[in-house]
Amino acid sequence: MRFKKTEVCQTCAKLKNVCQTCLLDLEYGLPIQVRDNALKIKDNLPRNEVNKEYYVQNLEKQVVSTDGGEGLGEVGKVQSPSDLLMKLARTQPYYKRNRPHICSFWVKGECKRGEECPYRHEKPSDPDDPLSDQNIRDRYYGTNDPVADKLLRRASAMPALSSPEDRTITTLYVGNLGEFMTEKDLRDYFYQFGEIRNVSLVQKQQCAFVQFTNRGAAEVAAEKSFNKLILLGRRLTVRWGKSQAKQASLPVSQHFLLFYSMINPKLINMGEN
């Protein structure tokens, strides 16, 4: 049986709003450096051990004097969410962070505990891989974290959702709904962007079509939801719908394939065949 290793104390974890074991943000499941970069948080935690101990002691007194529900430090002062964090936020637990360390005896061929060994019997990764060069201190202070750098590069390379030239299109396609998403859930979210004319839920394909009464509301909804929409713990796919005139010009036999081309963008463009 393996016990998780606690990397930081409870007060230090509350100060950064992170897990004591994996040091990932509790709300978004991301490294501290990514979260602080997105929220423009400047870390004022003392680096000196003596000063840090005094700082933490004062915070512990603050926690005792309050109900503990308020956030500590700079993280607790942030109110508005970040588009970058919504793009990168994890919707599933990242269990790899909690894996045991590699058994150094097994690497040398000297481990005699076999299956009872609490450490991983795997070959270490390439030492030249920057992702293997991490330490707890840098991860906690949000500096020089190669994993965070990788995520930030991925965010900068994410594509943007361009609006169609046809101004009559006011419908958004929403995919990956799952089995429990309802029309009310979609209406409650998208109504903040403008008046909704219709919501068509296709439960069998786990998708829906949200039609707004005007193009401006649809554009705002697309901008605020593309690669950022998470409902009921699921990251939803948001794209623009197809032109009604274009669909009307297609043969009846191709409407079925057009519907699935919206679900799977890798399918052929029906307007070109």
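Placed above this text is the structure.
What counts, and at which threshold
- Residues numbered from 1 in each chain as written.
- Predicted model: local features only at pLDDT ≥ 70, side-chain atom pairs only at ≥ 80, totals over all residues.
- Heavy atoms only, no water.
- Helix = DSSP H or I, 4+ residues; strand = E, 2+ residues; numbered from the N terminus.
- Buried < 20%, exposed > 50% of the residue type's maximum accessible area, 1.4 Å probe, protein only.
- Contact = heavy atoms within 4.5 Å.
- Areas by Shrake-Rupley, 256 points an atom, 1.4 Å probe, with all protein chains shown as cover.
- Pairing = 2+ DSSP bridges.
- Axes fitted to C-alpha atoms, helices over the stretch in contact; angles between N-to-C directions.
- Core = buried A, V, L, I, M, F, W, Y, C linked by side-chain atoms within 4.5 Å.

1. With respect to the overall build of the protein chain
Secondary structure assignment for the protein chain yields 11 helices and 6 strands. By residue count, 35% of the 273 residues in the protein chain fall in the buried class. Pairs at least 24 apart in sequence give 60% of the contacts found in the protein chain among residues at least 6 apart. Carbon together with sulfur atoms contributes 50% to the accessible area of the protein chain, which is approximately 17400 Å² in total.

2. Structural notes on the environment of Phe-180
Inspection of the secondary structure assignment puts Phe-180 in the loop between β1 (171-175) and α8 (183-190). When the C-alpha positions of Phe-180 and Gln-203 are compared, they lie 9.2 Å apart, and in sequence the two are 23 residues distant. In this structure Phe-180 touches Asp-185 and Leu-232, once residues within four positions along its chain are discounted.

3. Observations concerning the sheet that holds β1
Note on sheets: strands pair through backbone hydrogen bonds, and any given pair is parallel or antiparallel. The 4 strands are arranged β2-β3-β1-β6 in an open sheet whose pairing can be described as antiparallel. Every other strand in the sheet has two partners, leaving β2 (196-202) and β6 (237-240) as the edge strands with one partner each. Neighbour to neighbour, the strand axes of the sheet diverge by 20° on average, direction disregarded. Alignment of β1 against strand β3 (residues 207-212), held across 5 bridges, turns out to be antiparallel. Residue pairing in the sheet places Leu-172 in a bridge with Val-210 of β3. The sheet contacts of helix α9 (residues 215-225) involve β1, β3 and β6, and relative to β6 the element is tilted by about 145°.

4. Examining the nonpolar core
Counting 23 residues, the largest nonpolar core has Leu-172, Leu-186, Phe-190, Phe-212 and Leu-236 as the members making the most contacts within it. If we skip the residues at most four places from it in the chain, Phe-190 touches Leu-172, Val-174, Ile-196, Val-210, Phe-212, Ala-221, Ser-225 and Leu-229. Counting residues in each nonpolar core, the second largest holds 14 residues, with Val-75, Leu-85, Val-147 and Ala-155 among its members.

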